[in-house]
Structure formats: structure tokens, C-alpha cells
Amino acid sequence: MVISFDYERNGIADFFTQTDPEVRKVTLTIGNIISKNTIKEITLEKSLNVMLDNCRDAATLLSKNIVKPEFIYRYLQNYNIQLPPESTKASLIKQCLNFWRVKYGAPAGSTPSSDPQTIVLPSTSAESSSSNSTMQNLVATGGPMGNQTNGPGYDTTDPGQEQYPVNLLALDYTTWFYLKWNRNSLDESAFWSDAMCSVMLEISESQQGVEEVRGHRDIMNLILSLKFQYSFQLVPNIMFDGCQGRISDNGVLVLTVGVVYNDRRGLDNRLTTLGEFESMIGLRRDPLENNNWKITMYKLYIRYKPVDNLPALSNSKMLTECLLIPLTLDSV
């Protein structure tokens, strides 16, 4: 049993080597448990290697009882990822895996870890009570990073909405599309031949422009021109308040907001934040291409501005009307 996907291995390494002393203690403990205390002078590195080489997948490892929900909650909050108050450990694991798929890049065709919604999470009543209490305190205070969202963007009366088929499709397609975008591997095959594209760029109040093109070749030329001229990456908010889908008369609309980064790293080797973006992707199945989804319409709105909070759909300018379309459980 070896964790095979690189994005899961990188994510596990990032999670279990945090500076949080509680998490580091857990890392050493898991290493001792898996190795049956056969390793002399256990270290974080040795413990991590044991975990990566002896666990089936990341979800199974995170679901271990010793990994408290608040550890995962704090980890995601440190990356400014907003989480709904009703988060269970299973949902936190799922958010974590989705985050790693975007952060480290999941290979095309890879299948996710075991669905955390189906994992049995054993706990004693005392442990469960302690974990729930800690989670409630974190939620009440907005977590260690504070409340880093621009608004909920979802109906908290129905937390199951994020599992609607159209929203799962939106999440999968958003992840795939922007990984392709940032890796310069997006090509004409993603678009219908008569697809249309509209890009609005707002650098300042006095510097604004809109460009519209039609046809998959012209769309790709526009995208490549934008990336070459402005050198930015688009990183979507893949939480439910930042990525949703709607069923329309012509197919499916994928609605996303996120952060714009300069893809040239600074002296500290970190990407520089440039602003926020909103995007709308219209999808329709192509019966001649194995019934795969292809893009009929792509609208992108980029505005340069300081970004203090993770963008949310509820504060979008371009997507307001589309968000009024009722969410349904219909299959897509």
C-alpha cells in the first residue's frame, strides 16, 4: 500500500510537517504506530516516509482518529479557505483533497482518494465532544486567520447543495480548466468551433477594456495573448461559496470567482497577488466526442485590486443574474 498520486503525497507532506506542535506530535505518533515502534529516534522525515509508503491513500490517513478535525480546519484556514460552519470531518477531508488537487495538480484521468463521505470515522464520545467543542470555538472566532471570506454565497439551510450533480460538475470542470490554463496546456479541443469568448480587464478606473472573439482558434489566440502580455495565473476559489453550477436551456453554466496572481515569483519565491477574477463557462455535450463537455461560451472579468479576503460568488458583479437561477438536483 503506497500513496501513489504525487498531489496526495505533496499534500500529506505539507499537512503533517506544519509548524503546529500538536500536528507534529501526531506525525511522530502515527509513524511509531505504523512502524510498530521499530524505528529508533523517530523524526518527522522518517515518520512521513513511513506514512507515504504504508498507507492506501490520503483520505484514509486523514481519517485516522488521532487526526482531529480542528487540525484540518486550521490547516485550510491558513490558506485562507473559508469553510461552512457545519463542516464535518468527512467534509473537511474532502475540501483538503480538492485543495491539493488544485495546489499540486492532479494528473489527467486520476481518480480521487476514497470518498471521505463513506469513511467510517471512529471516535469515543469524549473525543467527539472535545473535537466538536473546539470546532465550534474556531468557527465562532472565524478561525485562526479570521473570517477570510467576502460572503457566504450559499444557502446554509441546505448544506447538501454542494453535492448536487451540477455543482460537482462545476467543481471538477473548474479544477481541470484552470490547471490547464495555468500550465499553458489548454487547447482548441476544449471549445466548440463556434464558441464565443468575452474578456473584460479592469486595471484601474481609467484603464478598462473589453475584447470579444468567436471561434476556438481566435479564443486560444486571445488567451495566449493575455497570458503573454500580463503574465498572470488564475487560481479559483474551489469552495462552494466560490464555485457553483447552474442548469440552463443550452446546457450547464459554471460560475467561478478566484484570485489573480503574477506568475513571476518575487524574491521570496512567492506569487504576487494582482486582483480578483470572475468567470462564466457555458458547457454543452458533444455527441461526436464521446459525449464530453465542451465550452460554448467563456466570459472572464479581471479587476486589479488589493485582495484581503477570498473572493465569493455573493459579491460578484458579472455573475449576479446567473446566481438567481434556482439550484436543482437534476442530473447533468
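Structural notes, computed from the coordinates. (Residues numbered from 1 in each chain as written. Predicted model: local features only at pLDDT ≥ 70, side-chain atom pairs only at ≥ 80, totals over all residues. Heavy atoms only, no water.)

1. Thoughts on empty space enclosed by the protein
Then, in step 1: Evaluated as defined, the whole model comprises two cavities of 30 Å³ or more.
Then, in step 2: Lining the largest cavity are 13 residues, and of these Q95, N98, E162, L171 and I238 lie nearest its centre.
Then, in step 3: Those elements that provide at least two residues to the lining of the largest cavity are α6 (89-105) and α8 (165-182).
Then, in step 4: Looking at the lining of the largest cavity, its residues break down into six nonpolar, five polar and two charged.
Then, in step 5: A domain-level breakdown of the lining of the largest cavity finds at least three residues from each of domain 1 (6-105) and domain 2 (165-324). (1 Å grid on protein atoms, 1.4 Å probe; cavity = no way out; pocket = protein on both sides within 12 Å on 5 of 7 lines; lining within 4 Å. Points joined across faces, edges and corners; volume = space filled by probe spheres on them. Helix = DSSP H or I, 4+ residues; strand = E, 2+ residues; numbered from the N terminus. Nonpolar A, V, L, I, M, F, W, Y, C, P; charged D, E, K, R; others polar. Domains from an automatic or database assignment.)

2. So, the pattern of salt bridges
Then, in step 1: Under the defined criterion, the tally for this structure stands at eight salt bridges.
Then, in step 2: For R303, the salt bridge is made with E276, and the minimal N-O distance between the two is 3.2 Å. Remark: E276 occurs in strand β6 (residues 272-286) and R303 occurs in strand β7 (residues 292-304); sequence separation between them is 27 residues. Across the pair, E276 and R303 agree in class, each one buried.
Then, in step 3: With a shortest N-O distance of 2.9 Å, R303 and E278 are connected by a salt bridge. Here R303, found in strand β7, pairs with E278, found in strand β6; they are 25 residues apart in sequence, far enough to count as distant. Residue R303 shares its accessibility class with E278, and that shared class is buried.
Then, in step 4: Through salt bridges that share partners, E276, E278, R303 and K305 make up one connected network. (Salt bridge = Lys/Arg side-chain N within 4 Å of Asp/Glu carboxyl O. Buried < 20%, exposed > 50% of the residue type's maximum accessible area, 1.4 Å probe, protein only.)

3. A short note on the environment of D20
Then, in step 1: In this fold, D20 is placed in the loop between α1 (6-16) and α2 (21-35).
Then, in step 2: A relative accessible area of 16% means that D20 is categorised as buried.
Then, in step 3: On a C-alpha basis, the gap between D20 and R74 in space is 9.6 Å, while along the polypeptide they are 54 residues apart.

4. Description of the side chain of Q18
Then, in step 1: Checked against the element boundaries, Q18 lands in the loop between α1 and α2.
Then, in step 2: A residue is classified by how much of its surface remains accessible, and Q18, at 12% relative accessible area, is buried.
Then, in step 3: When residues no more than four places from it in sequence are discounted, the contact partners of Q18 are V23, R24, Y75 and N78. (Contact = heavy atoms within 4.5 Å.)

5. As for the pairing of strand β2 (residues 207-214)
Then, in step 1: Both strand β1 (residues 191-204) and β2 contribute to a ladder of eight bridges, which runs antiparallel. Looking at the pairing, S198 lines up with E212 of β2. (Pairing = 2+ DSSP bridges.)

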